[in-house]
Each structure stands twice: as structure tokens, then as C-alpha cells.
Amino acid sequence: MNEVKRPKKPLIYYYGIICLALILFNLLAMPILSERQIKEVDYGTFMSMTENGEIGRVEIQEQENRILFTDKEETTVYKTAMVDDPELTDRLHQADIPFYGQEIQQESPILTFLLSWVLPLVVFIAIGQLMSKKLMDRAGGANAMSFGFGKSNAKIYVKSSEGIKFSDVAGEDEAKENLTEIVNYLHDPTKYQEIGASMPKGILLVGPPGTGKTMLAKAVAGEANVPFFSISGSEFVEMFVGMGASKVRDLFKQAKEKAPCIVFIDEIDAIGKKRDGQMGGNDEREQTLNQLLTEMDGFEGNNGVIILAATNRPESLDPALTRPGRFDRRVPVELPDLQGREAILKVHAKKIKVADDVDFNRIARMASGASGAELANIINEAALRAVRDGRRFASQSDLEESIEVVIAGYQKKNAILTDQEKWTVACHEIGHALVAAEQSHSAPVQKITIIPRTSGALGYTMQVEEGNHYLLTQEELENKIATYTGGRAAEEVVFGTSSTGASNDIEQATKLARAMITRYGMSQDFDMVALATVQNQYLGGDASLSCSPQTQAEIDRQVVELVKRQHEKARSILMEHREKLDELARYLYEKETITGEEFMRILQS
Ligand code: ADP
Ligand code: ZN
């Protein structure tokens, strides 16, 4: 450890400072404060004011060798030095001015007391507390604990109240299998110790948001029946410098006391980002990270503290964090596949009342690409919808509608499209569906709707994947692009013009075409050369180009070429089936929502 610890100072030290300051304040500040309103005049003025009857009352302070007096209204206090003047009292008496030997009280005694003793005391104690808090945070350790400063916010989840088990986490079988070993170890560490095996200290759960990483961590604790500490990476990085590091220290201290246990650090990328050595980097974050590394090195492999961490940006983590002996095991938690989605839907459907005839497989197929959290949300939306409509069970149609709600937002009840716009949208959507259906490899459509959604979509075509696809051929990818361009192509074929409704399609088509050329090696002449690297695998998957400017220009040319070719193909498919296009669009225009079966029936009639 390279941290220099400051010597601890006893409390008496701070109170000493406070007392000293208080005394100084009273000796120096109070007299100045109270004398401020007193006006000094010469003795002659005093005498003439006495004669003119301009004086309210007089106080003779023989000990201080001065006279205090006020004007008639007693608003101003004057002061003058005492002169040997034996007739003074006679003169004052004659002028009928009251005079005293004691002090004129300028403020109430209670106020004076409060101002001179209590207020400074309060102020100094407050300052003292603040200072000692800061000092102790830096010193860290035991005495900080005793005051509750710098204590980590890690929450201990009591097993009984949470009680999440592996069975609550649907799908994710590989992840569960991987983590079962940890559970076994926590159950019976001796078996592992005997053979000399040590558990990995840290396990990194990586995957897109909402895939159940937190749930899995809780489930490990639940299965192993051990305490569960959880803290989010962003909680470490706080206002005061040094707080994060002291939190890490405290977290590990608590964890070691409670071992065996699970420590879960969510969003570890918040503290574990690569240290790039840039000037003006986040010092606090680096200190926290250093402390975390130190703590992880500090405890032996077999003391029963297992650290689980979650992130959806594994590539941004500091290599020091992922090296052996730290977070050396990586458990991918991917988006669920078809079976996974079905299982997740079923798990969550147990919490609500659903009709008996609900086809979860169909729902799972419709919700392709949804994460566990989104699926949980779909089930809940369906229940809410059932209540809104006064039903006691959520039905198949509730579930289907809520997929659309979760994916595309609520129906916009009061969006008013003109007839012409509605007709355009109908043609556009049928264009997508028709192109998809006519290319044998595209998935058949499930549903087409032209009811505007709060997400801004004016309509959409829901495609259904038949099973799990792990590989896509070049032809399938090209067909996908053609399907994206199908909407615009239909507008061109029917109206001879284009509208703004295709912006999202254009984005998708371009992204796919670019990936084909730069990453999948499906270009004319780049062969199997990687021209781009993926940046955020789990968050949108943006790729950044890594090639010369000339190559970039060539890539752009080929992307345009590729999309153009598919657009042309879509247009010719639609022209070939012009009557079907019109017929289907008219049908959709009238019904606003049509199912895949209806679509196929008309297409094949
Ligand atoms: P992450 O930590 O990966 O972002 P969470 O574990 O917080 O995701 O999951 C959020 C919610 O999504 C959970 O509370 C749960 O309701 C639901 N969920 C996600 N994945 C699953 C799953 N595999 N099985 C059941 N529910 C899941
Ligand atoms: Zn479109």
C-alpha cells in the first residue's frame, strides 16, 4: 500500500481548539462589536449639550475613566473622557438629566450571552466536526467506522427476504452451470481445499442490460444460503475524494467478517474503466480501482468471499482487473433464445393470472430479440391491460398487444393522420411484408398494423422467426436489406414519390450493409479483411472503422452499391405483384391491423 496514513488525533485535541477559539473571539471580537455604535466626542461638546438640554441620560464610569451619555431620544450613545469637573453632578442635576453610576445596557443580557458564547460554540463545533470527518475519512479504518463516516452503502440482503433461486432465473443454462460450481464451493469449501484447488476470487458476468445478471448473482447467494452484499460501481465514485477507496475497504472488511458470502458489484465499468494515463483523468475513480485491486490481492483465495461483478461493457475494463487472480472468470449472460424467452415468459406468467389457452411459444416467437427484463415487462403490461378492460385473466391478445407496447410504445389514440397519409403508410407497410414474403428465405410476417405508436412509428410489420438462427447467409442478409427497402419501394411504385417515413428503414439497411462489407467479409474485393472493430458489443454494437481513407471511400461506394441493388430488387418484386400490393394495402387501410394469416390468404388467393 502506498497510502500515507495520517496520525489519528484524539477528540480532546479538537475540543481544545474550539475552546481556545472561543476565548479569543470573546477577548477580541466582542468588545469591537459592542463598541462600534458608540460615538466619541470631546468634553466641551458634552458640556454644551448639557446646557442645551440635548442629553437623555448619563452614566459615569469612574473606573474606566469615561462618561457615556445619550441624546434626547436615546438613539445614539456618546462617549467622552472624564475631566476633573467637581460641578458636573450639580450641573446635571440642575438640567434635570438622570445620571447613573452603572452601565447603560445596550443589548439584552440574554442576547449578549447567546451572541458571545453560544453562537460561536455552535459554529466552531460544526467546523470541528466537518474537519474531523474529512481527516478521519482520509485516515480511514477503525475510527472512521465508529463515527459512521465512509461506511459503504453495501446492503446486506437477508436470505429469507430475497430468496432468489436458480429456478427463478429462466434460460441462461450455461451461466447457471458455470455458477453452480461456485455454489458447490460455498457449500463445501473443504472438498476444494483438500485437493488444493482455489476458487476464482472474482467472476465477471457480462451481457446486455436486463438479461438477469443481478438475478443470477442473487441466485448464487440464495442457492448457497450465504449473505449477499450488493453495491453499484457508480456508488463508489462520490463527492469527496477518498470516499470511494474507503468504501471499498469497508465493504471488504464487512464481507470478510461475514464470509462465506457473495459480494456483488453492479456496473463495475463505472470504476473499472481502462486507466489511460491521461492528464486530468478521474483521480477518485483510479484510487477506488486501485483500492479494489489491492483488496482483491490482499485476501487469500480460499477465505470464502466470492466477488461477482456485472458489466455490459467488458471491453472497456482495465486489463489489471481481468488478469488471473482477480476477475479471471467470465460468464456470458446473453439475450435469451427462443426457448429461453418462452421459459422466462412462463416464469413471470406465474405471478399473474393468464387464460389457459395462451400460447407462450407464439409470444416468444413474436418477441424476438427481447431481453429478460423486457419479457417481464410484457407480462406485466398484459396484466395491466386485462385490468383496464375489466377482465380477470390476461388473454393471448393482451400479451400480443403488450409486446407491441413494450417494443413500439402505446397506441397513439389521438394521432390524426390524413387519409392520404394513412394510405401511404398502408402501402409502405405492405411493401415491407410483400417483399419479405416473396423472398423465400425471409421470415413470414406475423402482423401488420398502421396504428400510430407513441414511439413515433406510424405503422410496422412484425416478422416472426421460425426457430433459432445462429448463422445468416449472404443471401439472407441481402434479403433482409431488400425487405428494409420494401417500404420505400412500395411508395415509389404506387405514388411515384417518396416520403419521410422510411428514415428508420434506411438506417437499418445501411447498418446491415456496412456490417456485411466491413465485418462479415461479404464484399467484392476486400476478401476476409476486418475493416471495423465492434465497440459496444452489448450496447447497440457500434463499429468503428480501422482502415485508410481511400479504403473508407471504397467501402462507402460498395455500401451504396449493395443497398441500391437490393432496393432495385424490392422494386421489381413489387412491380411484379402490383395487384396484390394494391389489394393488400386497401385491406390494411380499412382494417388498420391484419394478421399474418389474413395476409397470406389474400396473397395466395
Ligand atoms: P441485469 O442485471 O442483467 O441488467 P437484472 O438481473 O436486473 O438484469 O434483470 C432485470 C429483471 O428482468 C429481473 O428483475 C427479472 O424480472 C427480469 N429477468 C431478466 N432475465 C431473466 C431471466 N433469465 N429469468 C427471469 N427473469 C429475468
Ligand atoms: Zn418502413
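Coordinates for the structure precede this section.
On a predicted model such as this, the values are computed, not experimentally measured, just so you know.

Focus: a nonpolar patch on the surface
Here is step 1 of the chain: Taken together, I110, F113, L114, W117, V118 and V122 make up a surface patch of nonpolar side chains, about 570 Å² in accessible area.
Here is step 2 of the chain: Mapping V118 onto the fold places it in helix 4 (residues 109–139).
Here is step 3 of the chain: On the accessibility criterion, V118 (31% relative accessible area) is partly exposed.

Digging into the site of ligand 1
Here is step 1 of the chain: In the region of ligand 1, 16 residues are neighbours, and A170, G210, K213, T214 and H348 sit closest.
Here is step 2 of the chain: Taking K213, its side chain carries an N or O atom lying 2.8 Å from an oxygen atom of ligand 1.
Here is step 3 of the chain: Within the side chain of T214, an N or O atom sits 2.5 Å from an oxygen atom of ligand 1.
Here is step 4 of the chain: Of all elements in the fold, only helix 9 (213–224), helix 15 (338–349) and helix 17 (372–388) reach the threshold of two or more residues within the shell around ligand 1.
Here is step 5 of the chain: Structurally, the shell around ligand 1 is a two-domain feature, drawing no fewer than three residues from each of domain 2 (155–275 + 282–332) and domain 3 (338–408).

With respect to the pairing of strand 9 (residues 261–266)
Here is step 1 of the chain: The element strand 9 is extensively covered by neighbouring structure, given that five of its six residues are classed as buried.
Here is step 2 of the chain: Relative to strand 9, strand 8 (residues 228–232) runs parallel, the two sharing five bridges. Across the sheet, the residue bridging to F229 is V263, located in strand 9.
Here is step 3 of the chain: Pairing of strand 9 with strand 10 (residues 305–311), which is carried by five bridges, proceeds in the parallel orientation. Looking at strand 10, one finds that F264 is bridged to L308.

A few points about the side chain of S371
Here is step 1 of the chain: Here S371 lies in the loop between helix 16 (360–366) and helix 17.
Here is step 2 of the chain: By relative accessible area, S371 is classed as buried at 6%.
Here is step 3 of the chain: Filtering out sequence-adjacent residues up to four positions away, S371 remains in contact with P209, G210, T211, L335 and P336.

A look at the packing of aromatic side chains
Between two aromatic rings, the relevant description is the distance of the centres plus the angle of the planes.
Here is step 1 of the chain: Within this structure, the stated rule accounts for six aromatic pairs.
Here is step 2 of the chain: For the ring pair F228 and F264, a centre distance of 6.0 Å and an interplane angle of 20° mean the geometry is stacked. Linking F228 in strand 8 with F264 in strand 9, this pair joins segments that are 36 residues apart in sequence.
Here is step 3 of the chain: Seen from their ring centres, W423 and Y589 are 5.8 Å apart, and the 90° between their planes marks the pair as edge-to-face. Of the two residues, W423 is situated in helix 19 (residues 419–438) and Y589 in helix 23 (residues 578–591); the sequence distance between them amounts to 166 residues.
Here is step 4 of the chain: Site record: aromatic cluster; members linked through ring pairs are Y43, F46, F69 and Y78.
Here is step 5 of the chain: The cationic tip of K422 hangs over the ring face of Y589; the distance from NZ or CZ to the ring centre is 4.9 Å.

Some points on helix 17
Here is step 1 of the chain: With 17 residues, helix 17 should cover 24 Å at 1.5 Å per step; its first-to-last C-alpha distance of 24 Å lies within 8% of that length.
Here is step 2 of the chain: Residues of helix 17 that are buried: G372, L375, I378, I379, E381, A382, A383 and A386.
Here is step 3 of the chain: Taken from the residues just after helix 17, G390 is the one with a positive phi, measuring 70°.

A word on the coordination of the zinc ion (ligand 2)
Here is step 1 of the chain: In this structure, H428 (NE2), H432 (NE2) and D505 (OD) serve as the protein donors to the zinc ion (ligand 2), at separations of 2.0 Å.
Here is step 2 of the chain: Mapped onto the polypeptide sequence, the residues donating to the zinc ion (ligand 2) form the spacing pattern H-x3-H-x72-D. In this pair, H428 is assigned in helix 19 and D505 in helix 21 (residues 503–518), connecting sequence segments 77 residues apart.
Here is step 3 of the chain: Judged by its relative accessible area of 6%, H428 falls in the buried class.

With respect to the pattern of salt bridges
Here is step 1 of the chain: Counting across every chain of the model gives 21 salt bridges.
Here is step 2 of the chain: Between D297 and R323 there is a salt bridge; the shortest N-O distance is 3.9 Å. With D297 in helix 13 (residues 283–298) and R323 in the loop between helix 14 (319–322) and strand 11 (329–332), the pair connects residues that are 26 residues apart, well separated along the chain.
Here is step 3 of the chain: For D297, a relative accessible area of 38% corresponds to the partly exposed category.

Re the sheet that holds strand 16 (residues 593–595)
Here is step 1 of the chain: Taking strand neighbours across the sheet as the criterion, the three strands line up as 13-12-16 in an open arrangement whose pairing is antiparallel. The open sheet has two edge strands, strand 13 (460–463) and strand 16, and neither has a second partner. Averaged over all neighbouring strand pairs, the angle between strand axes comes to 15°, with direction disregarded.
Here is step 2 of the chain: Pairing of strand 12 (residues 445–449) with strand 16 involves three bridges; the strand directions are antiparallel. Bridge assignment links I448 to a residue of strand 16, and that residue is I594.
Here is step 3 of the chain: The sheet contacts of helix 23 involve strand 12 and strand 16, and relative to strand 16 the element is tilted by about 120°.

What about the packing of helix 19 against helix 23?
Packed helix pairs are specified by the crossing angle of their axes together with the interaxial distance, meaning the distance between the axes.
Here is step 1 of the chain: Close contact between helix 19 and helix 23 brings their axes to 8 Å; oriented N to C, the two are set at 125°. By the angle between their directions, the pair helix 19 and helix 23 is classed as oblique. As for how helix 19 packs across helix 23, the hand of that crossing is right-handed. Here helix 19 contributes D419, K422, W423, A426, C427, E429, I430, G431 and L434 to the contact with helix 23, which in turn contributes L581, D582, L584, A585, R586, L588 and Y589.
Here is step 2 of the chain: A breakdown of the residues in the contact of helix 19 with helix 23 according to their chemical character gives ten nonpolar, one polar and five charged.

Definitions and limits used
Residues numbered from 1 in each chain as written. Chains lettered and ligands numbered in written order. Predicted model: local features only at pLDDT ≥ 70, side-chain atom pairs only at ≥ 80, totals over all residues. Heavy atoms only, no water. Patch = residues over 30% accessible without salt bridge, like charges linked within 9 Å, V, L, I, M, F, W, Y side chains within 5 Å. Areas by Shrake-Rupley, 256 points an atom, 1.4 Å probe, with all protein chains shown as cover. Salt bridge = Lys/Arg side-chain N within 4 Å of Asp/Glu carboxyl O. Helix = DSSP H or I, 4+ residues; strand = E, 2+ residues; numbered from the N terminus. Buried < 20%, exposed > 50% of the residue type's maximum accessible area, 1.4 Å probe, protein only. Near = heavy atom within 4 Å. Polar contact = N/O pair within 3.5 Å; in protein donor to acceptor, adjacent residues only side chain to side chain. Domains from an automatic or database assignment. Pairing = 2+ DSSP bridges. Contact = heavy atoms within 4.5 Å. Phe/Tyr/Trp six-rings, centres within 6.5 Å; stacked < 30°, edge-to-face > 60°. Lys NZ or Arg CZ within 6 Å of the ring centre and 35° of its normal. Expected span 1.5 Å × (residues − 1). Donors = N, O, S within 2.8 Å, 3.2 Å for Na, K, Ca; no water. Axes fitted to C-alpha atoms, helices over the stretch in contact; angles between N-to-C directions. Parallel < 35°, antiparallel > 145°, perpendicular 65-115°, else oblique. Left-handed = near helix turned anticlockwise from the far one by under 90°. Nonpolar A, V, L, I, M, F, W, Y, C, P; charged D, E, K, R; others polar.

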